[in-house]
Amino acid sequence: MDSNLLLSVFVFIAAAIVVVPATKLTGLGSVLGYLVAGIAIGPYGLKFVTDPATILHFSEFGVVMMLFLIGLEMQPSELWRLRTRLLGMGGVQVVVTTAIITGASMFAGVAWQTALIVGMALSLSSTAIVLQIMSERSITQTDTGRSSFSVLLMQDIVVIPILALIPLLSVANLSPGVLAAEGYSASGDGPNWVPALEMITAFVGMYLAGRYILRPVMNYVARAGIREIFTALALFVVIGSALLMEWLSLSHALGAFFAGVILADSEYRHELESDIQPFKGLLLGLFFISVGMSIGFSVLMQAPLLILQIVVGLVVIKAGVLFTIASMFRLHLADRLLFATLLAQGSEFAFVLFQVATGAGSLSKPVADVLNVCVALSMAITPLLILAFDKLIAPRLVWPVQEPDIPDMGDTRQKVLVLGYGRFGQIIARLLHAQGFETTLIDHDPAQGELLGRFGWKVFYGDVRRLDLLEAAGADEARLIVVTIKDREISIEICKMIQRHFPQARIYARAYDRVHAYELMDLGIDGFERETFRASLALAAKVLVGLGYSPHGAQRVAKAFEWHDTELLESSRALRDDDDAYVSYLRQARETLHSVMQAELAAKQDVEAASWPAEADDIEKEAQARGD
């Protein structure tokens, strides 16, 4: 069975279908379900798959895509906004945890190079598990969620220098055979700096290629308008960057992460997120299953007390450091405890770092096996720790009262979404920007996005009818969405989708004509504007001036017409399906409009005659000229 990859994947998916819904419904969470499924079908369970390596590389692709998506979120503006939490929480956590674990390892007799690598690797937390739990609990936008994300983001960033540092910490006499096999120098002349130089060169090359080659290619593909080819391009970028790192004997995930960072400020960011998201979810589930299968129970049985001590020590040290940092930032007690519990496990990056360290001769294989089991167990017990927190600790805590949902001008997550950035949408976006509101702009025209990007606007390419694209752009958190799409059918389709999936968002839309306005009124959206109505009124008022009206008189007539037509739009809506009744009603309304205009001119003449006799004479002349 193990030789049949397709059958192994089938077993993985079948186990997930059976186990994961059960654990989710019982409140244990999906992550624990995946881990349990992996243990059940693995070599220490039912033995359906006895060699996790048959699918481990395939499932690692989920982590690669997850890191690519995380890289896409690392916009310079977002990093700057989170700078205090990134450095004050994430940076301090990594440094302090690394120092404590390194010191404990050296006290146990481990060489300082190995101890430092172990400390750095174990200081990291599992991005996959924590983000999944946060998403399931809907706490991403809470103090706990923002603090956790900041720490995870900082940890993802420091992986790059850690990987660069590992070859420099090579212990020459630790494993000469492994060193020679991996191509590293085993001489005692000093640290091998060639791998670090190769990696720096690769990163610089990726950056230049991303800026000056990849973006024009993406623009070319986007102009073609073939959605599946754009999805293929997204996968090409992820896989290509992963293969480049593999060629350098580095982590696949690191290459994907750096590729995401390069494209973080691209107008195609949301479209890339939408294309990758479906692959990421399924493959991450397979990764969790493979982690459960890879828990080496044979290694565990050989040294159960040692492994227990390491796991407990790791969780206690990390939770203590995290709790202290959260206290420094004055988080509420409940948030501090949840924050510490969420991030107290090891990271999927630890597997990669231990593998690289073993190849570099900085870590022996038996030690790496024990540490891998410890990391896997710490990841596996995280859902149980969260469950224990919910059942035993949370009921005894007084949670902070959430403040009313007040617009935060500085919070870029409270954005207005403008769908369509043509002649109509850009005026709305410019006005909002002038008032200090942050907007997310989505348009299907890549040329428009490229042009506006030169002027500092953030316009993302994509089909606004795609639910996944709207979710990636933050529609589930948007307070207001403006639909400026000219096509009537597409506009109605989008408004219905927003009402169905994002009920919290108020909807304002551009109406193409009266029929489109009727349909928008039927949907009950918050507001609409006929695209040429006010512009036509403004021009009509100027025409009246050209015909002899005073500017003030022309504006008053136009205002009266606007009021009448708005009332007519509402009153005629119910008759639009009956052609005869509709035409008859509009003919009658036209006669009514003539009377309204006469009354308006008469009222204006009565009110203004005393103060502006000249203008009153103008009004009378206007009426006489029309035969009133």
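Residues numbered from 1 in each chain as written. Predicted model: local features only at pLDDT ≥ 70, side-chain atom pairs only at ≥ 80, totals over all residues. Heavy atoms only, no water.

(A) Local environment of the overall build of the protein chain. In terms of helices and strands, the protein chain carries 27 helices and six strands. Summarising the internal contacts of the protein chain: among those between residues at least 6 apart in sequence, 74% fall at separations of at least 24. When the accessible surface of the protein chain is totalled, it reaches about 30,100 Å², and 63% of it is carbon and sulfur. (Helix = DSSP H or I, 4+ residues; strand = E, 2+ residues; numbered from the N terminus. Contact = heavy atoms within 4.5 Å. Areas by Shrake-Rupley, 256 points an atom, 1.4 Å probe, with all protein chains shown as cover.)

(B) Broad picture of the pattern of salt bridges. Inspection of every chain in the model, using the stated rule, returns seven salt bridges. A salt bridge links glutamate 529 to arginine 534; the shortest N-O distance between them is 2.8 Å. For glutamate 529, a relative accessible area of 26% gives the class partly exposed. Each of the salt bridges in this network shares a partner with another, and the network as a whole consists of Glu529, Arg534, Lys559 and Glu562. (Salt bridge = Lys/Arg side-chain N within 4 Å of Asp/Glu carboxyl O. Buried < 20%, exposed > 50% of the residue type's maximum accessible area, 1.4 Å probe, protein only.)

(C) Summary view of helix α23 (residues 514-523). Burial in α23 covers these residues: His516, Ala517, Tyr518, Leu520 and Met521. Its side-chain oxygen at 3.3 Å from the backbone nitrogen of valine 515, aspartate 513 defines the N-terminal cap of α23. Looking one or two places after α23, you find glycine 524, whose phi comes out positive at around 75°. (Polar contact = N/O pair within 3.5 Å; in protein donor to acceptor, adjacent residues only side chain to side chain.)

(D) Representation of helix α6 (residues 112-122). A large share of α6 lies buried, amounting to nine of its eleven residues. All buried positions along α6 are accounted for by Gln113, Thr114, Ala115, Ile117, Val118, Gly119, Met120, Ala121 and Leu122. On its buried side, α6 packs onto α5 (83-107), α8 (143-165), α15 (304-328), α17 (348-360) and α18 (365-393).

(E) A look at the environment of phenylalanine 297. Following the sequence through the fold, phenylalanine 297 ends up in helix α14 (residues 297-302). The spatial distance from the C-alpha of phenylalanine 297 to the C-alpha of isoleucine 39 is 10.0 Å, given a sequence separation of 258 residues. If sequence neighbours within four positions are ignored, phenylalanine 297 has contacts with Ile39 and Tyr44.

Interpretation note: all reported values are geometric properties and have no functional meaning in isolation.
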